[in-house]
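# Topology and contacts: notes
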Amino acid sequence: RVDLAMYQAKAAGRDTLRFYDPSMHALANERAALEEDMRAGLAKGEFELYYQPQVDHGRIVGAEALLRWHHPQRGFVSPSVFIPMAEDSGQILPLGQWVLEQACLTLAQWACDPQLAELVLAVNVSPRQFRQAGFVQQVLATLASTGAAPRRLKLELTEGLLLHDVNESATRMTELKSYGVGFSLDDFGTGYSSLSYLKRLPLDQLKIDQSFVRDVLTDPNDASIVRTIVALGASLGLQVMAEGVETVAQQEFLARQHCYAWQGYLLSRPVPAEPFVALVRGHAPA
Ligand code: C2E
Ligand code: MG
Ligand code: MG
Ligand code: MG
């Protein structure tokens, strides 16, 4: 448990070096154990997709699929801990494929229900997953085998991933886009300052990182950054979605900037499929 807390501290970005120095060996062992648990846990059904509603102009228009790991001994392990580990070890490839498959199965189910059929499901894609040979074919094959409609699927990518090789990224995206798959740029504003790449990529959406939304009412810098991203999105013809909206005041600020798409605890935390569907039904206009 202590060692796991070390990972969590590390994931939170705190300076943990001093604290861990004497136990680097234990840390490596702990890491190997968790990696092995991840491998086994996927086969044992310990992973589950949660869904966080995404709102546009006051209506739930979709959800972001967020991975959860219920470890039998350790309890709930945060994705900010196990996703980076999975990315390092390569375990993200089977894990990411599992996520994509579950998401597409969910979409295929929703398609049978008029109240759910129009929802778009956003899936996070990690750099290693996106760059693997055959990624495009894998997504297309998963859509085909599950019967999910490509235009209901949105892939969330990050700047670092896209900039690694902009031409190759654009090629992959363009191909998937020709089938109707959408693309969102996640955590926007936290990465690179060069914006010229934006027009070279077939994006649909920018997601304002939650770190700017958090203090938008009290920090004038965050407020300007949010305004700038909204203006940038408008001028590039991209939808702008805010993440991490927790208060009515934040949502009202965003609306004043003409940003009407958001997700956050204000409406709901990420929840399992069933309560998510209940939320959509309860939220739908009578
Ligand atoms: P992300 O894609 O930026 O996801 C948004 C994170 O913000 C989620 O954390 C979500 O639960 C959290 N969040 C949403 N609304 C609020 C809010 O109002 N306040 C606050 N404080 N937080 C909010 P989560 O689920 O812990 O996921 C963390 C990160 O792990 C994700 O960041 C994403 O980068 C990664 N991740 C999660 N699931 C997957 C997955 O299936 N595949 C990949 N590759 N990465 C994933
Ligand atoms: Mg995301
Ligand atoms: Mg994000
Ligand atoms: Mg993030």
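- Naming follows an unreviewed UniProt entry, where the protein chain appears as EAL domain-containing protein of Simplicispira hankyongi.

### Section: the coordination of the magnesium ion (ligand 2)
- Looking at the magnesium ion (ligand 2), the protein donor atoms are Glu64 (OE), Asn124 (OD1), Glu156 (OE) and Asp186 (OD), and they sit 2.0 to 2.2 Å from it.
- A separation of 4.1 Å is found between the magnesium ion (ligand 2) and the magnesium ion (ligand 3), which share Asp186 as a coordinating residue. Of the two residues, Asn124 sits in strand 4 (residues 120–124) while Glu156 sits in strand 5 (residues 153–158), which places them 32 residues apart along the sequence.

### Some points on the site of ligand 1
- For ligand 1, the set of nearby residues contains 20 residues, the closest of which are Arg68, Asp186, Gln210, Glu246 and Tyr265.
- Side-chain polar atom of Glu64 to an oxygen atom of ligand 1: 3.0 Å apart, as the coordinates give it.
- It is strand 2 (residues 59–71) that contributes the most residues to the shell around ligand 1, four residues altogether.

### With respect to the packing of aromatic side chains
- One pass over the structure, following the stated rule, counts seven aromatic pairs.
- Relative to Trp110, the ring of Tyr51 has its centre 5.8 Å away and its plane inclined at 55 degrees; by these criteria the two rings are tilted. One end of the pair, Tyr51, is in strand 1 (residues 47–56); the other, Trp110, is in helix 5 (residues 92–110), and 59 residues separate them in sequence.
- Linked through ring pairs, Phe47, Trp69 and Phe82 together constitute an aromatic cluster.
- Here the basic side chain of Arg269 rests over the ring of Tyr265, its NZ or CZ set 3.9 Å away from the ring centre.

### Some details on the coordination of the magnesium ion (ligand 3)
- Summarising the metal site, the magnesium ion (ligand 3) is bound by the protein donors Asp186 (OD), Asp187 (OD), Glu243 (OE) and Glu243 (OE), whose distances to it range over 2.0 to 2.7 Å.
- Along the chain, the residues donating to the magnesium ion (ligand 3) are arranged with the sequence spacing D-D-x55-E.

What counts and what doesn't
Residues numbered from 1 in each chain as written. Chains lettered and ligands numbered in written order. Predicted model: local features only at pLDDT ≥ 70, side-chain atom pairs only at ≥ 80, totals over all residues. Heavy atoms only, no water. Donors = N, O, S within 2.8 Å, 3.2 Å for Na, K, Ca; no water. Helix = DSSP H or I, 4+ residues; strand = E, 2+ residues; numbered from the N terminus. Near = heavy atom within 4 Å. Polar contact = N/O pair within 3.5 Å; in protein donor to acceptor, adjacent residues only side chain to side chain. Phe/Tyr/Trp six-rings, centres within 6.5 Å; stacked < 30°, edge-to-face > 60°. Lys NZ or Arg CZ within 6 Å of the ring centre and 35° of its normal.

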